[in-house]
Amino acid sequence: MISKTDSHTIVLKPPSGWTALNLGDLWRYRELVYFMTWRDLKVRYKQTVLGASWAIVRPFMTMVVFSIFFGNLAKVPSDGLPYPIFSYTALLPWELFATALTVASRSLVLNSNMITKIYFPRIILPISSILGGLVDFLFAFLVLIGMMFYYRVHPSPAIWTLPIFLLLAVISAIGVGLWLSALNVLYRDIGYITPFLTQFWLFITPIAYPASLVPAKYRIFFALNPMTGVVDGFRWALLGNQQSAPNSMWMVSSLIGVVILISGLIYFRRMERQFADMI
Amino acid sequence: MSEIALRVENLGKQYKIGMPVTRYRTLRDAISEKLTSLQRLHKGADRPNMIWALRDVSFEVRKGQVLGVIGRNGAGKSTLLKILSRVTDPTEGLAEVTGRVGSLLEVGTGFHPELTGRENIFLNGAILGMKNSEIQRRFDEIVAFSEVEQFIDTPVKRYSSGMYLRLAFSVAAHLEPEILIVDEVLAVGDAEFQRKCLGKMSDVAQEGRTVLFVSHNMSAILRLTEEALVIEKGKLVLRARTPQAVDYYLSRGFSQEGQRAWPADEIPADTAPFCPKHIRVRNGQGKVSDSVRSVEPISIEVEYTLQSAITGLRVGIYLMSSRGEYIFTSFDTDEPSLYDRFSVRPAGHYSSRCTIPADYLNEGRFVIGINASSFRVRRYFQDEQALSFTVDPAGAPGMQWPEPRLGPSRPRLNWKIEAV
C-alpha cells in the first residue's frame, strides 16, 4: 500500500537573507499549475453566460470603440494599415497583459485558505491565474485571422517570431503579477490600485496610436515599458508593419521585461515566507 | 526500525502582537494598516511587540511511530504543525522531515463549489501533492470511500455538508504520505464520519507510517498513540508514554485549587463582547476546592463580563471524564423560564452557577469545559478543558467493597430486596 514517492529529507529552517529561487519545486508541482489554470478557466466558463466568448467580446468591442473615436474621428495615424486591424493586433497581447495583472494581483488573497493550510510553491497561484489568459488569447486570435482575411492583410514573413513577442508579454505579465500579488498580501490597497494602473498602462502603450508617433528622442523612455516592444513586435510579425521594423526599442523592452520578471521572482520569494502569517 | 522520520531541534516561532488575525480586511483596515506601517518606517527602530508562539522545542520521531501532541488552545500545537507541514517558516531552530508530509487538517482545501465531485478530486489531489497518475489509479477507491458515487458528476455546491466532508476527507485519506499530521479532524463532521477518521488513522498507523496526532479528545489520544508530547505556552514540557502524559496534562495543565482565572492575555481576541473571568468548583460547604466529595452537592460557577448586550446568549459547561468522554452538557438558559428572562443579556458582570447533585459522580478526575454561544449565531468562547477537579468517593454507596466502580456515575439508587 505504500505509494511510490520521492523519499528525501527536507530541512526546515528560518529564512536567511537570500534563498534560491527554488524553481525545482515549481517543476515538481507542475501538475498543480495545470490543474489550477484549468480550474480558473472551467469556473469562469461555467459561471458566465457568454463563457469563452468574453475572450473575444472584450478586445473586439474595444477595437470598435477605438476605431470610431481614434481612427475615424481623431484621425490617429495607423502606419498605413486599416485602423481596426491595427488596433486589434495590439489589443490581443494587451488584453492578455491587463487581465493577467488583475487576476494575478488577487490570486493569493482569493486562495488564502490554501496558503494558510498547506504547502505548495505559492508562485503557482499567480502563474496559473495568468496562464489561463493564453486560452483567451487563442480565441481572440481566431478573430484576428478572420479580420486579416477581411482586410486582405497578408501575414508578414516574420510571423514565426510571434511566439517570441508573446513570450515577452507573458514574462512581463508574470513579473508585474508577482509584484502585485505579493504586495496585495501586505497591503490590500493593491486591489484598488490595479485597475488604475492598468488604465494608465493602456495609454503609455502604443495601442490606440503607432509607436512611430512618439518623437525619436523620447523613444528610449517609451521603450522602458515592455509592452511597447510587445505591441510593436506583434504589428511587425503579423501585419508586416514596416514602421516597426526590428529596432533598439525592442531590446530595451525585452531587457526591462526580464528585469521585472527576475525582480518579481526575488521579491515574491522573499515575501512568500510571510504569506501564511500575514494573509 | 530506528530510522528518524522527523527531527526537531530548538524550533521556535515568533509572531508580532497585533498582527492581523482575521482573514478579511476592509479598505479602511488596509489603509490604516499601511499608514501605521509607514509611521513605523519613519520612527525607525520602534519594534512592535513580539511573542514566541513556540520556543526551544526539540524532539525526534522514529519512522512508524504514532505520536500524540496535547496542549491547551493556543499552547503552540498548531504553530508546530504549521511549521512541520511547511505552511510557515520557523524563526529559529530547524526541523528535518524525511518523506512526504500529508495532513488531515486541510480537508477540502481548494475545493471549488462550481466544480463537480470528479473534478474536485483531481484538483484537490493535485493540491495535496498527488501525481495525476496516482489520482487516476486511486480514483475508484476514493469515490467508493466517500460514498457519493451517484453525485460524482454534480457540482459540489449541491452536496450536503456531510457529502462534501466525506468526499474531501476521502481524497486526503488516500494521499498516503510517509508522515501524516492529524489536527482536530475529529472536531468536524458527524459521529459516523469521526469513526471513519479514527478507523483510517489506525489503518495508517498499522501500515507503519509515522503519525503526529493532535487532539483534545483524550480517549482518542489514549487509544491511538503510545507516546505523547505535552506542549504548554510554546514549550515542550513533557514527553512520556501516553497515559502518563495525559495524566500530567489533566492534572497540571489547568487546575489551580479548584478555580481558574483568565488573565487578559490568555483570552483570544475574537471572544468580544464575551469575556471569561473565572471558573470555580465549590464543595458542599461552599468552599472553592480541587477535591470534592461525591456524597455532597458540587457547585460550578462561571464568572464573566459582557462588554455589550448579547441576544440569545447561553453559557454552559461540559463535564468530561479524564479519558475525554462526555458525561453531560448543560447551559444556564436550558430552563424555559430563564431562557425567556435572559433572551437579551445586557452588558455587565455575571456569574452563572449550577449544582451537580450529591451522589451523581463516581470517584476520579473530571474535566469541565466552557462554552458561551448564541445558538446558530456565534460561539463566543469555548475551552474544552477549562478546569479539572477530583471526586473523592468517601461515603459513597458500595464503599464496603474496596474496588473501583466502572462508569463515570455513582448514583445512590433506591434498591428494594424482597423475598418472592
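Residues numbered from 1 in each chain as written. Chains lettered and ligands numbered in written order. Predicted model: local features only at pLDDT ≥ 70, side-chain atom pairs only at ≥ 80, totals over all residues.

1. Side note on the overall build of chain B
Now for step 1: Of regular secondary structure, chain B possesses nine helices and 20 strands.
Now for step 2: Here chain B holds 420 residues, and 39% of them are scored as buried. (Helix = DSSP H or I, 4+ residues; strand = E, 2+ residues; numbered from the N terminus. Buried ≥ 20, exposed ≤ 12 C-beta atoms within 10 Å, placed from the backbone.)

2. Quick word on the pairing of strand 6 (residues 179-183) of chain B
Within a regular beta strand, the side chains point alternately toward one face of the sheet and then the other, so they alternate between its two faces.
Residue and element names in this part refer to chain B.
Now for step 1: Counting buried positions over the five residues of strand 6 gives five, a clear majority of the element.
Now for step 2: Judged by which residues are buried, strand 6 turns out to be covered on both faces: I179, I181 and D183 on one side and L180 and V182 on the other are all buried.
Now for step 3: The pairing of strand 5 (residues 101-103) with strand 6 spans three bridges and is parallel. Residue S103 lies in a different strand from strand 6, and its bridge partner there is I181.
Now for step 4: Sheet topology places strand 6 next to strand 7 (residues 210-214); five bridges connect them, and they run parallel. Bridged to I181 within strand 7 is L212. (Pairing = 2+ DSSP bridges.)

3. Details of the packing of helix 4 (residues 83-110) of chain A against helix 10 (residues 226-239) of chain A
Residues and elements named next belong to chain A.
Now for step 1: Following both chains from N to C, one finds helix 4 and helix 10 inclined at 135°, their axes separated by 9 Å at the closest point. By the angle between their axes, helix 4 is oblique relative to helix 10. Handedness of the crossing formed by helix 4 with helix 10: right-handed. Of helix 10, the residues touching helix 4 (which contributes I85, T89, A90, L92, P93, W94 and F97) are M227, V230, V231, F234, R235, L238 and L239.
Now for step 2: A class-by-class count of the residues in the contact of helix 4 with helix 10 yields 12 nonpolar, one polar and one charged. (Axes fitted to C-alpha atoms, helices over the stretch in contact; angles between N-to-C directions. Parallel < 35°, antiparallel > 145°, perpendicular 65-115°, else oblique. Left-handed = near helix turned anticlockwise from the far one by under 90°. Contact = placed C-beta atoms within 7 Å. Nonpolar A, V, L, I, M, F, W, Y, C, P; charged D, E, K, R; others polar.)

4. Observations concerning the sheet that holds strand 18 (residues 348-356) of chain B
Residues and elements named next belong to chain B.
Now for step 1: Overall, antiparallel pairing links the four strands, which are arranged 10-11-13-18 in an open sheet. At either margin of the open sheet sits one strand with a lone partner, and together these are strand 10 (259-261) and strand 18. In this sheet, neighbouring strand axes are inclined to one another by 15° on average, regardless of whether the strands run parallel or antiparallel.
Now for step 2: Here three bridges tie strand 10 to strand 11 (residues 274-282), and the two strands are oriented antiparallel to one another. Within the sheet, the bridge partner assigned to A261 lies in strand 11 and is H278.

5. Notes on the pairing of strand 11 of chain B
Now for step 1: In this structure, strand 11 of chain B lies alongside strand 13 (residues 298-306) of chain B, joined through eight bridges in antiparallel fashion. By the bridge assignment, F274 of chain B is partnered in strand 13 of chain B with L306 of chain B.

6. Structural notes on the domain arrangement of chain B
Now for step 1: Split into domains, chain B comes out as domain 1 (4-19 + 46-252) and domain 2 (259-392).
Now for step 2: For domain 1 of chain B versus domain 2 of chain B, the distance between C-alpha centres works out to 30 Å. (Domains from an automatic or database assignment.)

7. Description of the packing of helix 4 (residues 132-146) of chain B against helix 5 (residues 161-173) of chain B
Residue and element names in this part refer to chain B.
Now for step 1: Their axes nearest at 8 Å, the elements helix 4 and helix 5 cross at an angle of 140°. In terms of axis orientation, helix 4 runs oblique to helix 5. Between helix 4 and helix 5 lies a crossing of right-handed hand. Judged by residue contacts, I142, F145 and S146 of helix 4 engage R166, L167, S170, V171 and A173 from helix 5.

8. Details of the interface of chain A and chain B
Now for step 1: Contacts between the two partners involve 33 residues from chain A and, on the opposite side, 42 residues from chain B.
Now for step 2: Breaking the side of chain A that touches chain B down by element, the ones donating at least two residues are strand 1 (9-12), helix 2 (30-47), helix 5 (112-117) and helix 11 (248-278) of chain A.
Now for step 3: No other element matches helix 2 of chain A, which puts eight residues into the side of chain A that touches chain B.
Now for step 4: Residue composition of the side of chain A that touches chain B, by class: 15 nonpolar, eight polar and 10 charged.
Now for step 5: Relative to strand 4 (residues 92-98) of chain B, strand 1 of chain A is paired through four bridges, and the arrangement is antiparallel. Across the sheet, the residue bridging to T9 of chain A is T98 of chain B, located in strand 4 of chain B.

9. Thoughts on the environment of E31 of chain A
Now for step 1: Of note, E31 of chain A is situated in helix 2.
Now for step 2: Residue classification places E31 of chain A among the partly exposed residues on the basis of 18 C-beta atoms within 10 Å.
Now for step 3: Discounting residues that sit within four places of it in the chain, E31 of chain A has contacts with A126, K131 and N132 of chain B.

10. A short note on the sheet that holds strand 5 of chain B
Residues and elements named next belong to chain B.
Now for step 1: Taken in spatial order, the six strands make up an open sheet running 5-6-7-3-8-9, and their pairing is mixed. Two strands close off the open sheet at either side, each with one partner strand: strand 5 and strand 9 (235-241). Strand after strand, the sheet turns through a mean of 20° between neighbouring axes, direction not considered.
Now for step 2: Here helix 2 (residues 77-84) sits on the sheet and contacts strand 3 (66-70), strand 5, strand 6, strand 7 and strand 8 (227-232); the angle it forms with strand 6, its principal contact strand, is near 150°.

11. Re unusual backbone geometry
Now for step 1: At the junction of A272 of chain B and P273 of chain B, the peptide bond is cis and its omega measures out at 5° in the coordinates.
Now for step 2: Structurally, P273 of chain B is set in the loop between strand 10 and strand 11.
Now for step 3: Positive phi is not limited to glycine here, since R152 of chain A has a value of about 50°.
Now for step 4: Mapping R152 of chain A onto the fold places it in the loop between helix 6 (124-150) and helix 7 (162-186).
Now for step 5: Overall, the presence of 7 C-beta atoms within 10 Å leaves R152 of chain A in the exposed class.
Now for step 6: Residue R86 of chain B is not a glycine yet carries a positive backbone phi of 70°.
Now for step 7: Structurally, R86 of chain B can be placed in the loop between helix 2 and strand 4.

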